[in-house]
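Analysis of the macromolecular model
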Amino acid sequence: SPRLAAIVKPAVELLAGIPSVIYGLLGIYLLNPMMYKLEIALFADAPDHQFTGGANLISAVIVLAVMILPTVINVTVSALHAVPKQQKAASLAMGATRIQTIFKVLLPSARSGIAAVVLGTGRAIGEAMAITLVSGSSVNMPLPFNSVRFLTTAIVAEMGYAAGLHRQVLFTIGLVLFVFIMFINISLTKILKGREDS
């Protein structure tokens, strides 16, 4: 409803403008303690588990999900508003319910604009500062309750003192990230176009 939209829209736009380091700090003070309590409850009887204090892969994933939501929401809402109102009116006039109209008419018509997921995914893959703060930045297997070091985190943490082969490896990591983002963009674009053609 317009009344609810008037409250939610400014809040989402505010979230989109918050710097990533703030998300990282909030993750340290709010999310990591909760994850640590969960970790203690799950691994209380596991003597081999290395406790992370809540700075683990799950914390990083949650922070990234919260960070990309505003981007996805804003672009998706714009795409939905671009759908002609006549389509919604025609669907309702044919006897479709509001829910049927949303899922069978509005969302398929706005699918090309819902490629906001691509933008959100690109931002998540390229993020460094927030996940540096909440992931623990330790070189471990990427298991849910392990402290991990992301590729972007490695570039940020090591570029200051890297030289020679070490520096070349860090630039190669950047190239791998670039290729990975391109692959995701191309794949999602083909999937969306394929659905539109069908």
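Not measured: the values here are computed from a predicted model.

This part is about the side chain of S91. With respect to the helices and strands, the residue S91 is situated in helix α4 (residues 85-93). A residue is classified by how much of its surface remains accessible, and S91, at 10% relative accessible area, is buried. With sequence-adjacent residues up to four places away left out, S91 is seen in contact with A96, T101 and V105.

Time to look at the packing of aromatic side chains. A full pass over the atoms with the stated rule returns 1 aromatic pair. A centroid spacing of 5.4 Å and a plane angle of 70 degrees characterise the contact between F43 and F145, whose relative ring orientation is edge-to-face. Of this pair, F43 sits in the loop between α2 (20-42) and α3 (57-81) while F145 sits in the loop between α7 (129-134) and α8 (151-158), placing them 102 residues apart in sequence. The class of F145 is buried, set by a relative accessible area of 12%.

For the rest of this paragraph, the subject is the nonpolar core. Of all hydrophobic cores here, the largest spans 11 residues; its members are Y23, L31, M35, A60, V63, L64, M67, A124, A130, I131 and V134. Put simply, the parts of the chain that give this core at least two residues each are α2, α3 and α7. Per-element accounting of this core gives the leading share, 4 residues, to α3. What Y23 contacts, discounting residues up to four positions off in sequence, is L15, I18, V63, V66, M67, P70 and A130. Core analysis: the second largest hydrophobic core is formed by 6 residues, I125, L170, I173 and L177 among them.

Definitions and cut-offs
- Residues numbered from 1 in each chain as written.
- Predicted model: local features only at pLDDT ≥ 70, side-chain atom pairs only at ≥ 80, totals over all residues.
- Heavy atoms only, no water.
- Helix = DSSP H or I, 4+ residues; strand = E, 2+ residues; numbered from the N terminus.
- Buried < 20%, exposed > 50% of the residue type's maximum accessible area, 1.4 Å probe, protein only.
- Contact = heavy atoms within 4.5 Å.
- Phe/Tyr/Trp six-rings, centres within 6.5 Å; stacked < 30°, edge-to-face > 60°.
- Core = buried A, V, L, I, M, F, W, Y, C linked by side-chain atoms within 4.5 Å.

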